[in-house]
Amino acid sequence: RDGIQVGDRFYPAPSGDMIVSREPLAVLALGDDDRGISIPHCLIKRGGDDLVVRDLNSSHGVLIDGKKIGSDEQVIRPGGVLQLGKTTLSRSDG
């Protein structure tokens, strides 16, 4: 299964854009308990066989495998780890 894992929750890889946010109406809503996550925080989308992540000018940034990505789109590989605030997401293997 290709997608994003957040704790025990699995979100299938998006066919379009997946907005990640604290906001309840986001495609991937992470809840209000992590104030390090912005409204909105980042975008995850399909780029061929890859999942691509872009920071949406969040306050605390987006890290992939421990490195801040800035405003450019970056690929998250299977097994890669996204850090948003105190919340960790991982890309599951396809």
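Preceding this paragraph is the structure being described.
Residues numbered from 1 in each chain as written. Predicted model: local features only at pLDDT ≥ 70, side-chain atom pairs only at ≥ 80, totals over all residues. Heavy atoms only, no water.

Draft legend 1. Quick look at the sheet that holds strand β2 (residues 9–12). One open sheet holds the six strands; their spatial order is β2-β1-β11-β10-β7-β8, and the pairing between them is antiparallel. Looking at which strands have only one partner, the edges of the open sheet turn out to be β2 and β8 (67–68). Across three bridges, strand β7 (residues 62–64) lies against strand β10 (residues 81–84) in antiparallel orientation. Across the sheet, isoleucine 64 pairs through a bridge with leucine 82, a residue of β10. (Pairing = 2+ DSSP bridges. Helix = DSSP H or I, 4+ residues; strand = E, 2+ residues; numbered from the N terminus.)

Draft legend 2. How the structure looks around the nonpolar core. Judged by nonpolar contacts, the single largest core of 20 residues is most densely connected at Leu28, Leu30, Ile44, Val53, Leu82, Leu84 and Leu89. Broken down by secondary-structure element, the contributors of at least two residues to this core are β1 (3–6), β3 (17–21), β5 (42–47), β6 (50–55), β7 and β10. Not counting chain neighbours up to four residues away, the residues in contact with leucine 89 comprise Ile4, Gln5, Val6, Leu28, Leu30, Gly80, Val81, Leu82 and Leu84. (Core = buried A, V, L, I, M, F, W, Y, C linked by side-chain atoms within 4.5 Å. Buried < 20%, exposed > 50% of the residue type's maximum accessible area, 1.4 Å probe, protein only. Contact = heavy atoms within 4.5 Å.)

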